[in-house]
Amino acid sequence: MTKEYTLHIAHLYGDLMNTYGDLGNILVLKYYGKKMGINVESQVVSLDEDFKSDDYDIAVFGGGQDFEQSIVSKDFQTKKDEIKKFIDSDGCLLAICGGYQLLGKYYIDAEGNKIPGIGVLDHYTEQQHDNRFIGDIKIKNKETGEVYHGFENHQGVTYTGNGERPLGDVEQGYGNNGTDQAEGAIFKNVYCTYFHGPILARNNIIAKHILIKALKRRYPNDDFSAQEKIDVSESY
Ligand code: GLN
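Thresholds, definitions, all that
- Residues numbered from 1 in each chain as written.
- Predicted model: local features only at pLDDT ≥ 70, side-chain atom pairs only at ≥ 80, totals over all residues.
- Heavy atoms only, no water.
- UniProt positions renumbered as here; feature names shortened; annotations may be inferred.
- Helix = DSSP H or I, 4+ residues; strand = E, 2+ residues; numbered from the N terminus.
- Rg over C-alpha atoms; globule rule 2.2 N^0.38 Å.
- Buried < 20%, exposed > 50% of the residue type's maximum accessible area, 1.4 Å probe, protein only.
- Polar contact = N/O pair within 3.5 Å; in protein donor to acceptor, adjacent residues only side chain to side chain.
- Arc of directions from axis to C-beta.
- 1 Å grid on protein atoms, 1.4 Å probe; cavity = no way out; pocket = protein on both sides within 12 Å on 5 of 7 lines; lining within 4 Å.
- Pairing = 2+ DSSP bridges.
- Axes fitted to C-alpha atoms, helices over the stretch in contact; angles between N-to-C directions.
- Contact = heavy atoms within 4.5 Å.

- The name that an unreviewed UniProt entry assigns to the protein is Lipid II isoglutaminyl synthase (glutamine-hydrolyzing) subunit GatD, with the source organism given as Apilactobacillus kunkeei.
- UniProt's Pathway (unreviewed entry) comment on the protein is quoted here verbatim: "Cell wall biogenesis; peptidoglycan biosynthesis."
- As its UniProt record puts it under Sequence similarities (unreviewed entry), the protein is described as follows: "Belongs to the CobB/CobQ family. GatD subfamily."

See the structure below:
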(Lines give C-alpha, C1' and ligand atoms only; values in the text may rest on other atoms or scores of the structure.)
Protein backbone atom coordinates (compact mmCIF):
# COMPACT_ATOMS: atom_id res chain seq x y z
CA MET A 1 0.00 0.00 0.00
CA THR A 2 1.36 3.44 -0.84
CA LYS A 3 1.89 5.73 2.08
CA GLU A 4 -0.28 8.80 2.39
CA TYR A 5 1.48 12.12 2.73
CA THR A 6 -0.10 15.28 4.07
CA LEU A 7 1.29 18.81 4.12
CA HIS A 8 -0.30 21.73 5.95
CA ILE A 9 -0.19 25.28 4.60
CA ALA A 10 -0.73 28.39 6.73
CA HIS A 11 -2.14 31.12 4.52
CA LEU A 12 -0.95 34.12 6.50
CA TYR A 13 -3.53 36.93 6.51
CA GLY A 14 -5.17 35.36 3.46
CA ASP A 15 -8.24 37.54 4.00
CA LEU A 16 -6.23 40.79 3.94
CA MET A 17 -3.13 40.16 1.84
CA ASN A 18 -4.04 38.75 -1.57
CA THR A 19 -3.22 41.12 -4.42
CA TYR A 20 -3.46 39.99 -8.05
CA GLY A 21 -4.69 36.55 -7.08
CA ASP A 22 -1.75 35.56 -4.87
CA LEU A 23 -4.17 32.99 -3.45
CA GLY A 24 -3.55 31.09 -6.68
CA ASN A 25 -0.19 30.04 -5.25
CA ILE A 26 -2.03 27.80 -2.81
CA LEU A 27 -4.18 26.32 -5.57
CA VAL A 28 -1.01 25.46 -7.51
CA LEU A 29 0.58 23.79 -4.46
CA LYS A 30 -2.59 21.71 -4.08
CA TYR A 31 -2.65 20.86 -7.79
CA TYR A 32 0.92 19.56 -7.87
CA GLY A 33 0.52 18.04 -4.45
CA LYS A 34 -2.26 15.88 -5.88
CA LYS A 35 -0.05 14.83 -8.79
CA MET A 36 2.66 13.85 -6.32
CA GLY A 37 0.29 11.89 -4.11
CA ILE A 38 0.33 14.49 -1.36
CA ASN A 39 -2.76 15.70 0.39
CA VAL A 40 -2.20 19.47 0.74
CA GLU A 41 -4.42 21.26 3.24
CA SER A 42 -4.56 24.99 3.85
CA GLN A 43 -5.89 27.25 6.53
CA VAL A 44 -6.02 31.03 6.77
CA VAL A 45 -4.18 32.36 9.83
CA SER A 46 -5.19 35.98 10.27
CA LEU A 47 -5.48 38.72 12.89
CA ASP A 48 -5.63 37.47 16.49
CA GLU A 49 -5.15 33.86 15.41
CA ASP A 50 -2.24 31.74 16.60
CA PHE A 51 0.43 30.60 14.20
CA LYS A 52 2.08 27.55 15.75
CA SER A 53 5.22 26.68 13.88
CA ASP A 54 4.94 22.92 14.49
CA ASP A 55 1.48 22.77 12.91
CA TYR A 56 2.64 23.79 9.44
CA ASP A 57 4.93 22.68 6.63
CA ILE A 58 4.49 25.66 4.33
CA ALA A 59 3.43 29.26 4.93
CA VAL A 60 2.22 31.55 2.15
CA PHE A 61 2.05 35.31 2.69
CA GLY A 62 0.59 37.39 -0.16
CA GLY A 63 0.97 41.01 -1.18
CA GLY A 64 -1.19 43.87 0.01
CA GLN A 65 -1.98 47.55 -0.09
CA ASP A 66 -0.31 49.96 2.34
CA PHE A 67 -3.45 50.21 4.51
CA GLU A 68 -3.77 46.46 4.98
CA GLN A 69 -0.04 46.20 5.59
CA SER A 70 -0.25 48.71 8.43
CA ILE A 71 -2.92 46.60 10.14
CA VAL A 72 -1.16 43.31 9.53
CA SER A 73 2.17 44.75 10.71
CA LYS A 74 0.85 45.18 14.27
CA ASP A 75 -0.57 41.69 14.52
CA PHE A 76 2.46 40.13 12.83
CA GLN A 77 4.68 41.22 15.74
CA THR A 78 2.73 38.81 17.97
CA LYS A 79 3.59 35.94 15.62
CA LYS A 80 7.28 36.86 15.30
CA ASP A 81 8.73 34.20 17.65
CA GLU A 82 6.81 31.35 16.03
CA ILE A 83 7.63 32.56 12.50
CA LYS A 84 11.31 32.68 13.47
CA LYS A 85 11.08 29.17 14.91
CA PHE A 86 9.39 27.98 11.71
CA ILE A 87 12.11 29.48 9.51
CA ASP A 88 14.94 28.24 11.75
CA SER A 89 13.52 24.72 11.59
CA ASP A 90 13.56 24.83 7.75
CA GLY A 91 9.85 25.49 7.25
CA CYS A 92 9.03 26.61 3.70
CA LEU A 93 7.70 30.12 3.37
CA LEU A 94 6.64 31.93 0.20
CA ALA A 95 6.27 35.68 0.71
CA ILE A 96 5.04 38.00 -2.02
CA CYS A 97 5.52 41.77 -2.26
CA GLY A 98 3.87 43.25 0.88
CA GLY A 99 4.43 39.95 2.71
CA TYR A 100 8.08 39.99 1.65
CA GLN A 101 8.43 43.54 2.99
CA LEU A 102 6.95 42.63 6.40
CA LEU A 103 9.38 39.75 6.98
CA GLY A 104 12.17 42.32 6.89
CA LYS A 105 12.98 45.21 9.21
CA TYR A 106 10.56 47.84 7.92
CA TYR A 107 8.66 49.24 4.97
CA ILE A 108 8.29 52.98 4.28
CA ASP A 109 4.89 53.37 2.64
CA ALA A 110 3.85 55.78 -0.15
CA GLU A 111 3.00 58.45 2.44
CA GLY A 112 6.34 58.11 4.19
CA ASN A 113 5.01 56.17 7.22
CA LYS A 114 7.37 53.57 8.66
CA ILE A 115 5.58 50.23 8.90
CA PRO A 116 7.57 47.85 11.09
CA GLY A 117 8.35 44.38 9.80
CA ILE A 118 9.24 41.53 12.14
CA GLY A 119 12.92 41.56 11.16
CA VAL A 120 13.33 37.80 10.91
CA LEU A 121 15.08 38.47 7.61
CA ASP A 122 17.65 41.21 7.22
CA HIS A 123 16.18 43.24 4.34
CA TYR A 124 14.49 46.63 4.59
CA THR A 125 12.27 48.59 2.23
CA GLU A 126 12.52 52.28 1.46
CA GLN A 127 10.12 54.64 -0.27
CA GLN A 128 10.18 55.82 -3.87
CA HIS A 129 9.03 59.34 -4.51
CA ASP A 130 5.91 59.47 -6.67
CA ASN A 131 6.81 56.32 -8.49
CA ARG A 132 5.94 52.63 -8.63
CA PHE A 133 7.66 49.77 -10.39
CA ILE A 134 4.95 48.26 -12.58
CA GLY A 135 5.19 45.78 -15.42
CA ASP A 136 6.33 42.40 -16.62
CA ILE A 137 9.51 41.05 -15.15
CA LYS A 138 11.90 38.26 -16.06
CA ILE A 139 14.75 37.00 -13.89
CA LYS A 140 17.31 34.22 -13.90
CA ASN A 141 18.40 32.25 -10.86
CA LYS A 142 22.18 31.96 -10.94
CA GLU A 143 22.38 28.69 -9.01
CA THR A 144 19.83 26.67 -10.99
CA GLY A 145 19.83 28.54 -14.30
CA GLU A 146 16.02 28.66 -14.06
CA VAL A 147 14.26 31.63 -15.65
CA TYR A 148 11.15 33.01 -13.95
CA HIS A 149 8.42 35.28 -15.34
CA GLY A 150 6.06 37.53 -13.41
CA PHE A 151 4.34 40.86 -12.99
CA GLU A 152 5.51 43.43 -10.46
CA ASN A 153 3.70 46.41 -8.98
CA HIS A 154 5.35 47.96 -5.97
CA GLN A 155 6.16 51.30 -4.51
CA GLY A 156 8.73 50.03 -2.01
CA VAL A 157 12.39 49.45 -2.91
CA THR A 158 14.00 46.61 -1.01
CA TYR A 159 17.65 46.06 -0.07
CA THR A 160 18.61 42.58 1.02
CA GLY A 161 20.98 41.79 3.88
CA ASN A 162 22.74 39.05 5.80
CA GLY A 163 22.30 35.52 4.48
CA GLU A 164 19.90 36.50 1.70
CA ARG A 165 20.57 35.51 -1.91
CA PRO A 166 18.42 36.90 -4.73
CA LEU A 167 15.67 34.73 -6.19
CA GLY A 168 17.10 35.84 -9.50
CA ASP A 169 19.00 38.47 -11.41
CA VAL A 170 16.79 40.87 -13.36
CA GLU A 171 16.81 40.45 -17.14
CA GLN A 172 13.69 42.56 -17.74
CA GLY A 173 11.88 44.84 -15.28
CA TYR A 174 12.98 46.39 -11.98
CA GLY A 175 13.19 43.82 -9.17
CA ASN A 176 13.97 44.72 -5.57
CA ASN A 177 15.12 48.27 -6.10
CA GLY A 178 15.82 48.95 -9.77
CA THR A 179 19.54 49.40 -9.15
CA ASP A 180 21.36 46.27 -7.98
CA GLN A 181 19.78 43.84 -10.50
CA ALA A 182 18.50 41.58 -7.72
CA GLU A 183 14.93 40.30 -7.46
CA GLY A 184 13.53 38.73 -4.32
CA ALA A 185 15.41 36.87 -1.65
CA ILE A 186 16.09 33.29 -0.65
CA PHE A 187 16.98 32.54 2.96
CA LYS A 188 17.00 28.90 4.13
CA ASN A 189 13.64 27.61 2.79
CA VAL A 190 12.10 31.08 2.55
CA TYR A 191 11.33 32.41 -0.93
CA CYS A 192 10.59 36.14 -1.12
CA THR A 193 9.62 37.92 -4.30
CA TYR A 194 7.82 40.86 -5.86
CA PHE A 195 6.28 38.54 -8.46
CA HIS A 196 2.55 38.32 -8.82
CA GLY A 197 1.04 36.29 -11.57
CA PRO A 198 0.62 34.29 -9.31
CA ILE A 199 4.27 33.30 -9.21
CA LEU A 200 3.75 29.55 -8.78
CA ALA A 201 1.23 29.35 -11.64
CA ARG A 202 3.69 30.92 -14.05
CA ASN A 203 6.78 29.22 -12.61
CA ASN A 204 5.64 25.73 -11.67
CA ILE A 205 9.16 24.60 -10.89
CA ILE A 206 9.21 26.77 -7.76
CA ALA A 207 6.04 25.03 -6.55
CA LYS A 208 7.84 21.72 -7.01
CA HIS A 209 10.92 22.91 -5.10
CA ILE A 210 8.71 24.00 -2.20
CA LEU A 211 6.70 20.76 -2.10
CA ILE A 212 9.81 18.56 -2.23
CA LYS A 213 11.53 20.55 0.52
CA ALA A 214 8.43 20.43 2.71
CA LEU A 215 8.04 16.67 2.16
CA LYS A 216 11.66 15.96 3.06
CA ARG A 217 11.36 18.04 6.21
CA ARG A 218 8.10 16.41 7.37
CA TYR A 219 9.06 12.83 6.39
CA PRO A 220 12.87 12.76 6.74
CA ASN A 221 13.17 8.98 6.43
CA ASP A 222 11.28 8.55 3.17
CA ASP A 223 12.48 8.47 -0.40
CA PHE A 224 10.90 11.04 -2.69
CA SER A 225 12.71 10.24 -5.93
CA ALA A 226 9.37 9.41 -7.62
CA GLN A 227 7.93 12.80 -6.61
CA GLU A 228 11.10 14.52 -7.80
CA LYS A 229 10.53 13.07 -11.28
CA ILE A 230 7.08 14.61 -11.63
CA ASP A 231 6.77 16.76 -14.74
CA VAL A 232 5.84 20.38 -14.06
CA SER A 233 6.62 21.69 -17.54
CA GLU A 234 2.97 22.17 -18.59
CA SER A 235 1.85 25.73 -19.11
CA TYR A 236 -1.51 27.28 -18.32
N1 GLN B 1 2.12 48.23 -0.66
C2 GLN B 1 3.40 47.68 -1.03
C3 GLN B 1 4.10 48.52 -2.09
O4 GLN B 1 3.43 49.27 -2.77
C5 GLN B 1 3.24 46.25 -1.50
C6 GLN B 1 2.50 46.14 -2.81
C7 GLN B 1 2.03 44.74 -3.14
O8 GLN B 1 2.02 43.85 -2.29
N9 GLN B 1 1.58 44.55 -4.36
O10 GLN B 1 5.30 48.43 -2.24
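Alright, that's what it looks like, and here's the rest.
**Considering the overall build of the protein**
Moving on, step 1. A count of helices and strands for the protein gives 7 helices and 14 strands.
Moving on, step 2. In summary, the protein has a C-alpha radius of gyration of 17 Å against a globular reference of 18 Å for 236 residues, a match within 12%.
Moving on, step 3. In terms of its C-alpha atoms, the protein occupies a principal-axis envelope of roughly 60 × 40 × 30 Å.
Moving on, step 4. Residue burial in the protein is summarised as follows: out of 236 residues, 52% are buried.

**Some details on the side chain of Asn189**
Moving on, step 1. Along the polypeptide, Asn189 turns up in the loop between strand E13 (185-187) and strand E14 (190-193).
Moving on, step 2. At a separation of 2.9 Å, a polar atom in the side chain of Asn189 contacts the main-chain carbonyl oxygen of Asp90.

**Quick notes on helix H3 (residues 80-88)**
Moving on, step 1. Among the residues making up H3, those that are buried are Ile83, Phe86 and Ile87. Around the axis of H3, the buried residues are gathered within 95° of arc, so they sit on the same side.
Moving on, step 2. Among the residues trailing H3, Asp90 stands out with phi positive, at a value near 70°.

**Overview of the UniProt feature "active site" (unreviewed entry) in the protein**
Moving on, step 1. In the numbering used here, UniProt assigns the "active site" (unreviewed entry) feature to Cys97 and His196. These annotated residues cover 100 residues of sequence, and their C-alpha atoms lie no more than 8.0 Å from one another, placing them together at a single site. Looking only at the residues we just named, the largest pocket is lined by Cys97 and His196.
Moving on, step 2. Its place among the elements puts Cys97 in the loop between strand E4 (92-96) and helix H4 (98-103).
Moving on, step 3. Judged by its relative accessible area of 7%, Cys97 is buried.

**Details of the sheet that holds E13**
Moving on, step 1. Strand order across the open sheet formed by 6 strands is E2-E1-E3-E4-E14-E13, with mixed pairing between neighbours. In this open sheet, the two edge strands, each paired with only one partner strand, are strand E2 (38-45) and E13. Adjacent strand axes in the sheet meet at a mean angle of 15°, parallel and antiparallel pairs treated alike.
Moving on, step 2. As defined by bridge partners, strand E1 (residues 5-12) adjoins strand E3 (residues 58-61) across 4 bridges and the pair is classed as parallel. Paired with Leu12 across the strands is Phe61, a residue of E3.
Moving on, step 3. Seen against the sheet, helix H6 (residues 204-218) touches E1, E2, E3, E4 and E14 and runs at an angle of roughly 115° to E1.

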